[in-house]
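Tertiary structure, described
Residues per chain, in single letters:
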Amino acid sequence: MQRLARLDLLRVLATLVVYLHHFGLIFYISAVAGVTKYQHGSWERIIYATPIGIFANGSFAVHIFLVLSGFVLALPFYQALERRPSAFSYVRRYSRLTIPIFTSVVLAYFVLHFGLIQAVPLGQATNSIPVLTELWQRAPQLGEALLCGVGKIYFLEDVDYNPVLWMMKYVMFGSFMLYILLRLPSLKARRLALVLCS
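In this report, we go over the structure that sits alongside the text. (Residues numbered from 1 in each chain as written. Predicted model: local features only at pLDDT ≥ 70, side-chain atom pairs only at ≥ 80, totals over all residues. Heavy atoms only, no water.)

1. Here we look at the overall build of the protein chain
For the protein chain, the count of helices and strands is 10 helices and zero strands. N-terminal to C-terminal, the α/β element order of the protein chain is α-α-α-α-α-α-α-α-α-α. Sequence separation of at least 24 residues holds for 64% of the intrachain contacts in the protein chain that already meet a minimum separation of 6. Accessible area for the protein chain stands at about 12,000 Å²; split by element, carbon and sulfur atoms hold 68% of it. Of the side chains in the protein chain, 17 bear a positive and 8 a negative charge, and the two mean positions are spaced by 15 Å. (Helix = DSSP H or I, 4+ residues; strand = E, 2+ residues; numbered from the N terminus. Contact = heavy atoms within 4.5 Å. Areas by Shrake-Rupley, 256 points an atom, 1.4 Å probe, with all protein chains shown as cover. Lys, Arg positive; Asp, Glu negative; His and termini not counted. Charge placed at Lys NZ, Arg CZ, Asp CG, Glu CD.)

2. Remarks on the nonpolar core
Counting residues in each nonpolar core, the largest one holds 18 residues, and the members touching the most others are I101, V105, I153, Y154, Y161, L165 and M168. Elements represented by at least two residues in this core include exactly α5 (87-113), α8 (142-156) and α9 (168-182). Ranked by the residues each element gives to this core, the list is headed by α5, at six residues. (Core = buried A, V, L, I, M, F, W, Y, C linked by side-chain atoms within 4.5 Å. Buried < 20%, exposed > 50% of the residue type's maximum accessible area, 1.4 Å probe, protein only.)

3. Some remarks on the packing of helix α1 (residues 5-27) against helix α4 (residues 58-79)
The geometry of α1 relative to α4 is characterised by a closest axis approach of 8 Å and an angle of 150° between their N-to-C directions. When the axes of α1 and α4 are compared, the pair comes out roughly antiparallel. The two elements α1 and α4 meet at a crossing, and its hand is left-handed. Of α4, the residues touching α1 (which contributes L7, L10, R11, A14, T15, V17, V18 and H21) are G58, A61, I64, F65, L68, F71 and V72. Looking at side-chain class alone, the contact of α1 with α4 contains 11 nonpolar, three polar and one charged residues. (Axes fitted to C-alpha atoms, helices over the stretch in contact; angles between N-to-C directions. Parallel < 35°, antiparallel > 145°, perpendicular 65-115°, else oblique. Left-handed = near helix turned anticlockwise from the far one by under 90°. Nonpolar A, V, L, I, M, F, W, Y, C, P; charged D, E, K, R; others polar.)

4. Overview of the layout of surface pockets
A volume near 1,500 Å³ is recorded for the largest pocket. R11, F65, S69, M167 and M168 are, among the 45 residues lining the largest pocket, the residues nearest its centre. Elements represented by at least two residues in the lining of the largest pocket include exactly α1, α4, α5, α7 (129-134) and α9. For the lining of the largest pocket, the residue count by class is 29 nonpolar, eight polar and eight charged. When its volume is computed, the second largest pocket comes out at roughly 150 Å³. Along its surface, the second largest pocket is lined by L20, F23, G24, Y28, A31, V32, W43, I47, I52, F55 and A56. If you list the elements that add at least two residues to the lining of the second largest pocket, you get α1, α2 (29-33) and α3 (42-49). (1 Å grid on protein atoms, 1.4 Å probe; cavity = no way out; pocket = protein on both sides within 12 Å on 5 of 7 lines; lining within 4 Å. Points joined across faces, edges and corners; volume = space filled by probe spheres on them.)

5. With respect to the side chain of R93
Topologically, R93 is positioned in helix α5. Although buried, R93 forms no salt bridge, and the nearest oppositely charged side chain, D8, lies 13 Å from it. Polar side-chain contacts of R93 include one of 3.1 Å to the side chain of S69. Ignoring any residue separated from it by four or fewer positions in sequence, one finds R93 in contact with S69, L73, V171, S175, F176 and Y179. (Salt bridge = Lys/Arg side-chain N within 4 Å of Asp/Glu carboxyl O. Polar contact = N/O pair within 3.5 Å; in protein donor to acceptor, adjacent residues only side chain to side chain.)

Okay, here's the thing in structure tokens:
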């Protein structure tokens, strides 16, 4: 399938917004979440309370990613309506999502195990206490990290090793729901499913 350059541009912009959101949550929580207790200056309130805040609205960008994901998954089936997802589609989707998740969770385990992150001192130094002091405060366990990386994250939302993976549950089950709808026997029903999922 040919790549759609406009979708790539939208993906880049949404990635930038997610990055700004996470940066803001850690260092400028008042600008992205309105928590005035940790405000560094009045400019943070201006960002939070005006349309400028959309450039740091991670939730908005995540919704863009979810819509893009559904659209890109549905597009090949929309272009060839007689085509339907096979059982291999589920396995391929699980693998495409789980390999990067597993890698990031195992990497996070080793970073925590060897004490390579100093969240509490960094939070105190940057006046970003809420986020940094709540993350990564329990002792890492290899078995738990491995289970999280291969699937626990989808069912129990166990994101202690990598909190940004909270949305992967929705990506996985949304993909599976799309594949189920695409298996409907009626062409008209499949068209409706494609429109709803895209």
